[in-house]
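Take a look at the letters that make up each chain.
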Amino acid sequence: MQRTLVLLKPDALERGLMGEIISRLEGRGLKIVAMKMIWVDEALAKRLYAAHEDKPFFRGLVDFITSRPIIAAVFEGEDVVAVVRNAMGETDPALAAPGTIRGDLAQDIERNLIHGSDSEETAAREIELFFSKAENFKHTTE
Ligand code: IDP
Ligand code: MG
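Caption draft 1: How the structure looks around a negative patch on the surface. On the surface, Glu 78, Asp 79, Glu 120 and Glu 121 cluster together to form a negatively charged patch. Secondary-structure assignment places Asp 79 in the loop between strand 3 (70-77) and helix 5 (80-88).

Caption draft 2: Region of the structure containing the nonpolar core. Formed by 22 residues in total, the largest nonpolar core has its most connected members in Leu 8, Ile 21, Leu 25, Ile 101, Leu 113 and Ile 114. Sorting the residues of this core by element identifies strand 1 (2-8), helix 2 (18-27), strand 3, helix 5 and helix 6 (101-105) as the ones contributing at least two each. Of all the elements, helix 5 adds the most residues to this core, at 5 residues. Aside from chain neighbours lying at most four places away, what touches Leu 8 is Met 18, Ile 21, Ile 22, Ile 70, Ile 71, Leu 113 and Ile 114. Within the second largest apolar cluster, 20 residues are counted, among which are Leu 5, Leu 7, Ala 45 and Leu 129.

Caption draft 3: Here's a closer look at the site of ligand 1. As a structural note, the neighbourhood of ligand 1 is formed by Lys 9, His 52, Phe 57, Leu 61, Arg 85, Thr 91, Arg 102, Ile 109, Glu 110 and Asn 112. Between Lys 9 and ligand 1, the recorded distance is 2.9 Å, taken from a side-chain N or O atom to an oxygen atom. Contact distances for ligand 1 include 3.1 Å between an oxygen atom and a side-chain N or O atom of His 52. Contact with the protein chains removes 78% of the 530 Å² of surface that ligand 1 exposes when unbound. Residues of the shell around ligand 1, tallied by class, amount to 3 nonpolar, 3 polar and 4 charged.

Caption draft 4: Representation of the pattern of salt bridges within the structure. For the structure shown, the criterion picks out 9 salt bridges. Between Glu 76 and Arg 3 there is a salt bridge whose closest N-O contact spans 2.8 Å. With Glu 76 in strand 3 and Arg 3 in strand 1, this pair connects stretches of sequence that are 73 residues apart. Across this residue pair, the class does not change: Glu 76 and Arg 3 are buried. Between Arg 24 and Asp 104 there is a salt bridge, with the nearest N and O atoms lying 3.1 Å from each other. In this pair, Arg 24 sits in helix 2 while Asp 104 sits in helix 6, placing the two residues 80 residues apart along the sequence. Owing to a relative accessible area of 38%, Asp 104 belongs among the partly exposed residues under this scheme. Each of Glu 42, Lys 46, Arg 59 and Asp 63 takes part in salt bridges that share partners, so that together they form one network.

Cut-offs used in this document
- Residues numbered from 1 in each chain as written.
- Chains lettered and ligands numbered in written order.
- Predicted model: local features only at pLDDT ≥ 70, side-chain atom pairs only at ≥ 80, totals over all residues.
- Heavy atoms only, no water.
- Patch = residues over 30% accessible without salt bridge, like charges linked within 9 Å, V, L, I, M, F, W, Y side chains within 5 Å.
- Areas by Shrake-Rupley, 256 points an atom, 1.4 Å probe, with all protein chains shown as cover.
- Salt bridge = Lys/Arg side-chain N within 4 Å of Asp/Glu carboxyl O.
- Lys, Arg positive; Asp, Glu negative; His and termini not counted.
- Charge placed at Lys NZ, Arg CZ, Asp CG, Glu CD.
- Helix = DSSP H or I, 4+ residues; strand = E, 2+ residues; numbered from the N terminus.
- Core = buried A, V, L, I, M, F, W, Y, C linked by side-chain atoms within 4.5 Å.
- Buried < 20%, exposed > 50% of the residue type's maximum accessible area, 1.4 Å probe, protein only.
- Contact = heavy atoms within 4.5 Å.
- Near = heavy atom within 4 Å.
- Polar contact = N/O pair within 3.5 Å; in protein donor to acceptor, adjacent residues only side chain to side chain.
- Nonpolar A, V, L, I, M, F, W, Y, C, P; charged D, E, K, R; others polar.

Function cannot be inferred from these measures alone, as they are strictly geometric.
The structure is reproduced here in structure tokens:
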């Protein structure tokens, strides 16, 4: 069983789409093993997006993710990293397929509703950034 980090970005809260996005992921048979609403601070935002430090959109990315509360969640399932990435759709909603979260619901590349870890290694690092060991517990149905 694999785990991945999912963030529902500030536009999901602002537009009232958190329930819909969580429903779509649950509908795929993925299990929620940890979930909380938090206000990401500048330091955490910079660690999350460290790989994009040199990109021109980095400042905007940090400003956006720290602009309102987000939901952070750990989802579990078989090949969950790939399943979530497919459910999310392409980074740019203009290119995201219909039926995907971004393809159906997101407004633009900055406000694209959802973050999902891009590999098992990234997932492990990102889950540690957002959840303590005690919060990221072993699922009772395992
Ligand atoms: P991902 O979220 O699909 O994994 P990444 O390439 O990891 O996409 O980029 C992280 C986030 O940075 C994206 O979700 C998006 O919000 C933002 N981003 C990526 N590319 C651009 C861009 O060209 N302009 C503005 N924002 C971007
Ligand atoms: Mg990414």
